[in-house]
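Tertiary structure, described
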Amino acid sequence: MEWTRRRVLAAGLGGTAAVGTGRAIHNVVLGYGRLTGTNLLEQDLDPLMLANLRPSRDRVADFDGARITLSDWTVRLRADGSTRHTFDPGTDDPADAAAVDEDFGLEGGPLEELVADLGALAAEDVRFEYDSYPAFFERVAGGDARPYAVQALRGPRSGDPTVVADFAGADPTDPESLVEGLKDGFREHTRYDYARYAAGSVEDNVIFGARDLRQHFESETGFEALEAGEDSGLFCTELTRRSVDALQAVPAPNQRLPVVAGRVYNGRHKHVFTVVASAIRDAGELVIPVTFLDYTDAVQYDDLRLRWLVGEGLDAYHDTQRATRITWYR
């Protein structure tokens, strides 16, 4: 049998209806701690954060005549085409790194910050603080920001800052405004891909993976394609990727409040959403504030005209979200 787009949609209606009640109960009621499972508010999230939070950027910062690079946990200062200093954050003294900062005129003490903070993270001498996203930005603004450590922890995903600014109507150097701007941009330029979801329901629940039906509904999902109306809608995975690209579009030291963004996977409900973190020092202690965003809910609530009933849907730190794994697109 040839699975045309029309046939997939027709089967999708019947297949979705057949599994709809059970799926809705599973997605909305089960697995968040009401009857079974757990949720973000109840989970011990620290092990999930620590499992994959590590330095990953090859190049952290450029200065006049000097460059700071990373190789795994090793920090290097390069100047005049060669490595001039190497630091192991696990064993070296931040004071020695501070002396090199001074010798090379590196404003902001980037080497000292990296050696101190990556050393603390390697030793798991760090406190994670979880909160809603408005409170997250208040916490970061009230602390001693560590932008070079944040830059070091980022994965490779990043968007074109000009394209991101145009799409979101917000400056990528201001992540607090960008979070809201992305929500508005997604609502204006795209929608949730309900047809692909129906095809996936048939594929998973009716024909049990015998055919790849989602492929009939795939389209370009980059920011340029969204603005040009060339997409057929986005899934949670794509909304999450675009949000990470946007939040990391400019280097963390250039942001008013430096952030690193990644991916949260909810294996029970096959859902993906965004994690946002920063790094600050509080009374000498390394603190990593963390929040969670769900652009899928934000888009769907607007698509279905439900915002008056259920709110904006963007803040994901509550008892109807859960995490199986947290990663940073390395």
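Here, every reference points to the structure presented above.
This section reports on the structure supplied with the text. Because the structure is a prediction, the values reported are computed rather than measured. (Residues numbered from 1 in each chain as written. Predicted model: local features only at pLDDT ≥ 70, side-chain atom pairs only at ≥ 80, totals over all residues. Heavy atoms only, no water.)

Digging into the environment of P55
Within the secondary structure, P55 is located in the loop between α2 (46-52) and β1 (59-63). Its relative accessible area of 6% is what places P55 among the buried residues. Apart from residues lying up to four places away in sequence, P55 is in contact with L70, D72, W73, L118, A152 and L153. (Helix = DSSP H or I, 4+ residues; strand = E, 2+ residues; numbered from the N terminus. Buried < 20%, exposed > 50% of the residue type's maximum accessible area, 1.4 Å probe, protein only. Contact = heavy atoms within 4.5 Å.)

Thoughts on the pairing of β1
Taken together, the 4 bridges between β1 and strand β2 (residues 66-71) define a ladder with antiparallel strand orientation. Directly across from F63, in β2, lies its bridge partner A66. (Pairing = 2+ DSSP bridges.)

Overview of the sheet that holds β2
Strands sit in the order β1-β2-β3-β4 across an open sheet of 4 strands; the sheet is antiparallel. Each end of this open sheet is capped by a strand with a single partner; those strands are β1 and β4 (82-87). Each strand axis lies, on average, 20 degrees off the axis of its neighbour in the sheet, ignoring direction. Both β2 and strand β3 (residues 74-79) contribute to a ladder of 6 bridges, which runs antiparallel. Each residue of the ladder has a partner; that of S71, found in β3, is T74. Helix α3 (residues 94-104) rests against β3 and β4 of the sheet, and its axis sits at about 150 degrees to β4. (Axes fitted to C-alpha atoms, helices over the stretch in contact; angles between N-to-C directions.)

Considerations on unusual backbone geometry
The backbone of D80 shows a phi angle near 55 degrees, a positive value even though the residue is not glycine. Considering the arrangement of structural elements, one finds D80 in the loop between β3 and β4. Backbone geometry places A283, a non-glycine residue, at a positive phi of 55 degrees. Relative to the assigned elements, A283 resides in the loop between β9 (280-282) and β10 (285-293). Take A283: its relative accessible area is 83%, and that puts it in the exposed class.

Re the side chain of T240
Within the element layout of this structure, T240 appears in helix α11 (residues 236-247). Apart from the residues lying within four places of it in its own chain, the contact partners of T240 are G262, R263, V272, F273, T274 and Y329.

A closer look at the environment of A152
Relative to the helices and strands, A152 resides in helix α6 (residues 147-153). Judged by relative accessible area, A152 falls into the buried class, the value being 0%. Taking the C-alpha atoms as reference, A152 lies 9.0 Å from A252; in sequence the two are 100 residues apart. The residues contacting A152, other than those within four sequence positions of it, are R54, P55, S56, R57, V60, L70 and L114.

Some thoughts on the side chain of R146
Its place among the elements puts R146 in the loop between β6 (144-145) and α6. For R146, the residues in contact, after removing those within four places along its chain, are E113, A116, D117, A279, I280 and R281.

What about the pattern of salt bridges?
All chains considered together, the criterion is met by 20 salt bridges. Residue D80 pairs with R84 through a salt bridge whose shortest N-O separation is 3.4 Å. Residue R187 pairs with E312 through a salt bridge whose shortest N-O separation is 2.7 Å. On the criterion of sequence distance, the pair formed by R187 in helix α8 (residues 175-189) and E312 in the loop between α13 (307-310) and β11 (325-327) is long-range, its members being 125 residues apart. With relative accessibility at 32%, the residue E312 sits in the partly exposed group. The structure contains a network of salt bridges with shared partners spanning E180, K183, R187, D302, R307 and E312. (Salt bridge = Lys/Arg side-chain N within 4 Å of Asp/Glu carboxyl O.)

So, the packing of helix α7 (residues 161-168) against α8
Between α7 and α8, the shortest axis-to-axis distance is 7 Å and the interhelical angle comes to 70 degrees. Here α7 lies roughly perpendicular to α8, going by the angle between them. Together, V164, F167 and A168 of α7 and L178, G181, L182, G185, F186 and H189 of α8 make up the contact between the two elements. Of the residues contributing to the contact of α7 with α8, the split by class is 6 nonpolar, 3 polar and no charged. (Parallel < 35°, antiparallel > 145°, perpendicular 65-115°, else oblique. Nonpolar A, V, L, I, M, F, W, Y, C, P; charged D, E, K, R; others polar.)

Concerning the nonpolar core
In this structure, M49, L111, V290 and F292 are the most contacted members of the largest nonpolar core, which totals 46 residues. In terms of residue count, helix α4 (residues 110-122) provides more of this core than any other element does, 6 residues in total. Setting aside residues no more than four positions away along its own chain, M49 makes contact with F128, Y130, V275, V290, I326 and W328. (Core = buried A, V, L, I, M, F, W, Y, C linked by side-chain atoms within 4.5 Å.)

Details of helix α12 (residues 295-303)
Helical geometry note: an α-helix holds 3.6 residues per turn, so side chains three or four residues apart project in the same direction. Among the 9 residues of α12, 7 are classified as buried, and the element is accordingly described as predominantly covered. Taken together, the buried positions of α12 are occupied by Y295, T296, D297, A298, V299, Q300 and D302. One side-chain oxygen of the residue at the start of α12 lies 3.0 Å from the amide nitrogen of T296, identifying that residue as D294. Looking one or two places after α12, you find R305, whose phi comes out positive at around 55 degrees. (Polar contact = N/O pair within 3.5 Å; in protein donor to acceptor, adjacent residues only side chain to side chain.)

Geometric descriptors of this kind do not, in isolation, establish any biological role.
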